[in-house]
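Close look at the chain arrangement
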Amino acid sequence: MDKTYIIAEIGNTHEGSLSLAKSFATAAADTGVNCVKFQTHIFSEESIDNAPNPPYFKGESRKEYFNRTSFTKNQWLELKNFCEKDLKIDFLSSPFSLKAIDLLKDIGLKRIKIPSGELTNIPYLEKISKFAKIIYLSTGMSNLKEIDLALNILNSKNKKKIFLLQCTSEYPCPPEKSGLNVMKLFKQKYPFVDVGFSDHTKGVSIPYAAVTLGAKVIEKHFTLSNLMYGSDAKNAAEPNEFKNLVDGIRSIEKALNNKINKNKLNSKIKNMKSVFQKSIVSKKNLKKNHLIKLSDLEFKKPGTGIEPKFYKSILNLKLKKNIKKDHIFKWNDFSK
């Protein structure tokens, strides 16, 4: 398998500070991620003034929040260049309007993340399909009929790579609602895409499971601190936890990529075998020419002699010499 592509979702937790956004990106890069992802909001283009907040964020109106935390085109370009040139990681953002798509296109972005809420926005999908080369499509709010339509549109123009991400739009998402089984369905139903997992659960166990089930992409919310303000910080992974996520996934990849032949034991295992397995040994002192009976035998470590599975083969064999208690039997101890 190829290396899992790991995305740290920073979103808008940077609070509209370009310096803080760079700090987020730097901390995420230090964990070993492949990509950092932000959100490109232009409030007047995506919402009416009194559009409701999601239930998990009540601190201020969406209009106030997105107007306060939005970047200009030049700031986005500076952040993109910082990630790609200074940190050597990929830069990604989710546009939330047609104008936001244009902004990201203008700064040279060919890699686009489509958030769950835009999957049924047909004009939006058509616009992205015309220029994006790599698309990550999140499915947290959609049924299969809606996914069918979206993929038909996205796959209609230009040659592109599409990653279809299983997602459940609950924050936090309980493990039993993570829908890991859906990835198998996606693989069967949409063989022209790769599957991934956009995680909203607490901890790292569910993303680990997603990788073992074939996820090519893992996305998870990232924050410098769960105490930070905003809609995502309290449910995101802090740097230490995110590093555990990345390191764990890389270990899982090694395990999945390196197949073991149980019939070909390496030297370390062979040594362990002799230490922990057992041999047939004498239960007591025995004299030369004695015929071996079961009552003469015990089975003890180390495993350097005749294996216990052969015990019936030595019954009634004649000893060539006197032996003492706890003698480890060898085949040459017996007369033919």
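The following paragraphs examine the structure supplied in this document. (Residues numbered from 1 in each chain as written. Predicted model: local features only at pLDDT ≥ 70, side-chain atom pairs only at ≥ 80, totals over all residues. Heavy atoms only, no water.)

A tally of helices and strands in the protein chain yields 12 helices and 10 strands. Relative to the 2.2 N^0.38 estimate, which gives 20 Å for 336 residues, the radius of gyration of the protein chain is 31 Å and therefore markedly larger than a compact globule would have. Along the first, second and third principal axes, the C-alpha set of the protein chain runs to 100 × 40 × 35 Å. The buried share of the protein chain, taken over its 336 residues, is 45%. For the protein chain, contacts bridging at least 24 residues in sequence account for 66% of all contacts bridging at least 6. When the accessible surface of the protein chain is split by element, carbon and sulfur atoms take 52% of a total near 17400 Å². Here the protein chain contributes 58 positive and 34 negative side-chain charges, whose respective centroids are spaced 16 Å apart. (Helix = DSSP H or I, 4+ residues; strand = E, 2+ residues; numbered from the N terminus. Rg over C-alpha atoms; globule rule 2.2 N^0.38 Å. Buried < 20%, exposed > 50% of the residue type's maximum accessible area, 1.4 Å probe, protein only. Contact = heavy atoms within 4.5 Å. Areas by Shrake-Rupley, 256 points an atom, 1.4 Å probe, with all protein chains shown as cover. Lys, Arg positive; Asp, Glu negative; His and termini not counted. Charge placed at Lys NZ, Arg CZ, Asp CG, Glu CD.)

Val-36, Phe-38, Leu-79, Ile-114, Ile-128 and Phe-242 are the most contacted members of the largest nonpolar core, which totals 64 residues. By residue number, the principal contributor to this core is helix H1 (residues 18–30), which donates 7 residues. Residues in contact with Leu-79, not counting those within four places in the same chain, are Leu-18, Ala-21, Lys-22, Phe-38, Phe-71 and Phe-91. Membership of the second largest hydrophobic core comes to 10 residues, among which are Ile-280, Leu-286, Leu-297 and Leu-319. (Core = buried A, V, L, I, M, F, W, Y, C linked by side-chain atoms within 4.5 Å.)

Moving on, we get to helix H3 (residues 62–69). Among all positions in H3, only Tyr-65, Phe-66 and Thr-69 are buried. Angular distribution of buried residues about the axis of H3 spans 85°; they occupy a single face of the element. If you follow the buried residues of H3, they end up packed against helix H2 (43–46). (Arc of directions from axis to C-beta.)

So, about the packing of helix H7 (residues 144–154) against helix H8 (residues 181–189). As a packed pair, H7 and H8 sit with axes 13 Å apart at the nearest point and diverge in direction by 45°. For the element pair H7 / H8, the angle class is oblique. Both H7 and H8 take part in a crossing whose hand is right-handed. Side by side, H7 and H8 meet where Leu-144, Ile-147 and Asp-148 of the first sit next to Leu-185, Phe-186 and Lys-189 of the second. When its residues are assigned to classes, the contact of H7 with H8 shows 4 nonpolar, no polar and 2 charged. (Axes fitted to C-alpha atoms, helices over the stretch in contact; angles between N-to-C directions. Parallel < 35°, antiparallel > 145°, perpendicular 65-115°, else oblique. Left-handed = near helix turned anticlockwise from the far one by under 90°. Nonpolar A, V, L, I, M, F, W, Y, C, P; charged D, E, K, R; others polar.)

The parallel open sheet is built from 8 strands, whose spatial order is E3-E2-E1-E8-E7-E6-E5-E4. Looking along the sheet, the strands with just one partner apiece sit at the ends: strand E3 (90–95) and strand E4 (111–114). Taken over all neighbouring pairs, the strand axes of this sheet differ in orientation by 25° on average, direction set aside. Sheet analysis places strand E5 (residues 134–138) next to strand E6 (residues 161–166), joined by 5 bridges and oriented parallel. From the neighbouring strand, Ile-134 faces E6, where its bridge partner is Lys-161. Together, strand E7 (194–199) and strand E8 (217–221) form the strand contacts of helix H9 (residues 205–212), whose direction differs from that of E7 by roughly 175°. (Pairing = 2+ DSSP bridges.)

When their charged atoms lie close together, side chains carrying opposite charge are able to pair. In the structure shown here, the tally under the stated rule is 20 salt bridges. The closest approach of N and O atoms between Lys-80 and Glu-84, which form a salt bridge, is 3.0 Å. Remark: Glu-84 and Lys-80 occur in helix H4 (residues 73–86); sequence separation between them is 4 residues, near one turn of the helix. The class of Lys-80 is buried, set by a relative accessible area of 8%. Residue Glu-84 is classed as partly exposed on the basis of its relative accessible area, which comes to 31%. (Salt bridge = Lys/Arg side-chain N within 4 Å of Asp/Glu carboxyl O.)

One pass over the structure, following the stated rule, counts 13 aromatic pairs. Between the aromatic rings of Phe-299 and Tyr-311, the centroid separation amounts to 6.2 Å while the plane-to-plane angle is 80°, which identifies the pairing as edge-to-face. Of this pair, Phe-299 sits in strand E10 (residues 297–300) while Tyr-311 sits in helix H12 (residues 311–314), and the two are 12 residues apart along the sequence. According to the relative accessible area criterion, Tyr-311 is partly exposed, its value standing at 26%. Each residue in the set Phe-38, Phe-71, Trp-76 and Phe-91 is aromatic and connected to the rest through ring pairs, giving one cluster. Sitting over the face of the ring of Phe-82, Lys-22 holds its NZ or CZ atom 5.4 Å from the ring centroid. (Phe/Tyr/Trp six-rings, centres within 6.5 Å; stacked < 30°, edge-to-face > 60°. Lys NZ or Arg CZ within 6 Å of the ring centre and 35° of its normal.)

What follows deals with the pairing of E3. Among the 6 residues in E3, 5 count as buried, and that is most of the element. Where strand E2 (residues 35–40) meets E3, 6 bridges bridge the pair, whose relative direction is parallel. Along E3, the bridge assignment pairs Thr-40 with Pro-95.

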